Amino acid sequence: MAGRFEGKVAFITGAARGQGRSHAVGLASEGANIIAVDACAPINTIPYEGPSAADLEETVRQVEAVGGRIIARQVDVRDLDGLTATVKDGVSEFGRLDIILANAGVVSYGQLAELDEETWQTMIDINLTGVWKTVRAAVPAMIEAGNGGSIILTSSTAGLKALHTLGHYVAAKHGVIGLMRNLANELAPHNIRANALAPTNVDTIMLNNPGVFKMFRPDLENPNAEDAHSGFVQHHLMKVPMIATDDVTNAVKWLASDEARYITGITLPIDLGLLAK
């Protein structure tokens, strides 16, 4: 359905790779202009390689390849001033703001009673406070534009249930759903909708790394991807180990479109039946 987002503008965090890149390219392919940010810097407590400046440049290339326009900045979602300045630049360039995708997030592992303070705080600062800062930086421009809009927050199935060795991640993702519900109430008078996504395992580096492999196969000393994938399948009603980034992007497109113009305050699972099991 080409053109669903013609003339609209989307602000996307965590856009250098993975789900964020997929959302940027997917929305641009249907006419949206993109304001993209990613930290593109290592984070001490995260046990896998973070995105690079080259990754963000590749997102720019892919957006432009489908005919989209994009402003991309290296900004950490913990930096409210940087987010606010980026939104200001994007709105100045594109004239409006219609879609906010608070997608940036990280994962690390450990028992709650054993976590060090830095690991806990980094998780909350990025995965919860960073979502609030994204909204705080962008919603005023959306209200000022007066066109309504769609806010989509990336939570997780971990926002709706406990998961082993992920208590700090679970706490942050539960908080994202609470944040979404309040935003839906506060912003409805402006015709701004707020919803959350609850994906299961998504085929990105956040999933395909040794820490996650161990979480799903604690019975093995050094599980590999093949070992873990058998564990992934056990959590799902549909016997598939993970979903693709496009599966999440398709949900984003629907929630951001006029087809969902009366949908607000919901958490949409994309979970292969995990939450029904």
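Keep in mind it's a predicted model, so treat the numbers as computed, not measured. (Residues numbered from 1 in each chain as written. Predicted model: local features only at pLDDT ≥ 70, side-chain atom pairs only at ≥ 80, totals over all residues. Heavy atoms only, no water.)

> So what about the overall build of the protein chain? Which residues, and what values?
Within the protein chain, the regular secondary structure consists of eight helices and seven strands. What you see for the protein chain is a C-alpha radius of gyration of 18 Å, in line with the 19 Å of a compact globule of 277 residues. Its C-alpha atoms give the protein chain principal-axis dimensions of about 55 × 35 × 35 Å. Counting across all 277 residues of the protein chain, residues that qualify as buried make up 53%. (Helix = DSSP H or I, 4+ residues; strand = E, 2+ residues; numbered from the N terminus. Rg over C-alpha atoms; globule rule 2.2 N^0.38 Å. Buried < 20%, exposed > 50% of the residue type's maximum accessible area, 1.4 Å probe, protein only.)

> Explain the side chain of Arg 193 to me, using residue names and the numbers behind them.
The topology assignment puts Arg 193 in strand S6 (residues 192-199). From its side chain, Arg 193 meets the backbone oxygen of Leu 255 in a polar contact 2.7 Å long. A distance of 3.5 Å separates the side chain of Arg 193 from the backbone oxygen of Ser 257, its partner in a polar contact. (Polar contact = N/O pair within 3.5 Å; in protein donor to acceptor, adjacent residues only side chain to side chain.)

> Outline the nonpolar core, supporting the account with residue identities and numerical values.
Generally speaking, nonpolar side chains in soluble globular proteins are found buried as a group. Counting residues in hydrophobic clusters, the biggest one holds 31 residues, and the most contacted among them are Phe 11, Leu 97, Ile 100, Ile 151, Leu 153 and Leu 183. Of all elements in the fold, only strand S1 (9-13), strand S2 (33-38), helix H3 (80-94), strand S4 (99-102), helix H4 (117-145), strand S5 (149-154), helix H5 (167-187) and S6 reach the threshold of two or more residues within this core. The residues touching Phe 11, leaving out its near neighbours within four places in the chain, are Ile 35, Val 37, Leu 83, Val 87, Leu 97, Ile 99, Ile 100, Leu 101, Thr 134 and Ala 138. Counting 26 residues, the second-largest nonpolar core is a separate cluster that includes Phe 5, Leu 27, Ala 36 and Leu 101. (Core = buried A, V, L, I, M, F, W, Y, C linked by side-chain atoms within 4.5 Å. Contact = heavy atoms within 4.5 Å.)

> Which residues make up the confidence of the model for the protein chain, and what are the values?
Averaged over the protein chain, the pLDDT score is 96; the fraction of residues at 70 or greater is 99%. Averaged pLDDT values for the elements of the protein chain fall to 81 in helix H6 (residues 210-216) and rise to 99 in S1. (pLDDT = per-residue confidence, 0-100.)

> Which residues make up the sheet that holds S2, and what values do they have?
Pairing is parallel in the open sheet, where seven strands are placed in the order S3-S2-S1-S4-S5-S6-S7. Taken across any chain shown, the strands that pair with only one partner, and hence form the sheet edges, are strand S3 (70-74) and strand S7 (267-270). Put simply, the sheet's adjacent strands are angled 15° from each other on average, direction ignored. By the bridge criterion, four bridges tie S6 to S7 in an arrangement that is parallel. Bridge pairing links Leu 197 to Leu 268 in S7. Contacting S2 and S3, helix H2 (residues 53-65) runs over the sheet at an angle of about 175° to S3. This element, H5, spans S5, S6 and S7 of the sheet and lies at about 165° to S5. (Pairing = 2+ DSSP bridges. Axes fitted to C-alpha atoms, helices over the stretch in contact; angles between N-to-C directions.)

> Explain the pairing of S1 to me, using residue names and the numbers behind them.
Within S1, five of the five residues are buried, which leaves the element mostly enclosed by the surrounding structure. Strand direction decides the pairing type here: S1 and S2, joined by five bridges, are parallel. Within S2, the residue paired with Val 9 across the bridge is Asn 33. Between the parallel elements S1 and S2, the chain passes through helix H1 (residues 18-28) in a crossover that is right-handed. (Right-handed = clockwise from strand over helix to strand, strands pointing away.)

> Summarise unusual backbone geometry; cite the residues concerned and give the values.
With glycine set apart, most residues show a phi of negative sign, and most peptide bonds adopt trans. The phi torsion at Asn 191 lies on the positive side, around 60°, for a residue other than glycine. Checked against the element boundaries, Asn 191 lands in the loop between H5 and S6.

> Tell me about the side chain of Thr 86, and name the residues and values.
Among the secondary structure elements, Thr 86 is positioned in helix H3. Once residues lying within four places of it in the same chain are set aside, the contact partners of Thr 86 are Ile 35, Val 37, Arg 73 and Val 75.

> So what's going on with the environment of Gly 175? Which residues, and what values?
For Gly 175, the position within the fold is in helix H5. As a C-alpha pair, Gly 175 and Tyr 48 span 127 residues in sequence and 24 Å in three-dimensional space.

> Break down the packing of H1 against helix H8 (residues 245-256) for me, with residues and values.
The packing of two helices is summarised by the inter-axis angle and the distance between the axes. Viewed as axis vectors pointing N to C, H1 and H8 meet at an angle of 50°, and their least axial separation amounts to 9 Å. When the interaxial angle is binned, H1 and H8 end up oblique. Viewed along their axes, H1 and H8 form a crossing whose handedness is right-handed. Side by side, H1 and H8 meet where Gly 18, Gln 19, Ser 22, His 23, Gly 26 and Leu 27 of the first sit next to Thr 245, Asp 246, Val 248, Thr 249, Val 252 and Lys 253 of the second. The class makeup of the residues in the contact of H1 with H8 is three nonpolar, seven polar and two charged. (Parallel < 35°, antiparallel > 145°, perpendicular 65-115°, else oblique. Left-handed = near helix turned anticlockwise from the far one by under 90°. Nonpolar A, V, L, I, M, F, W, Y, C, P; charged D, E, K, R; others polar.)

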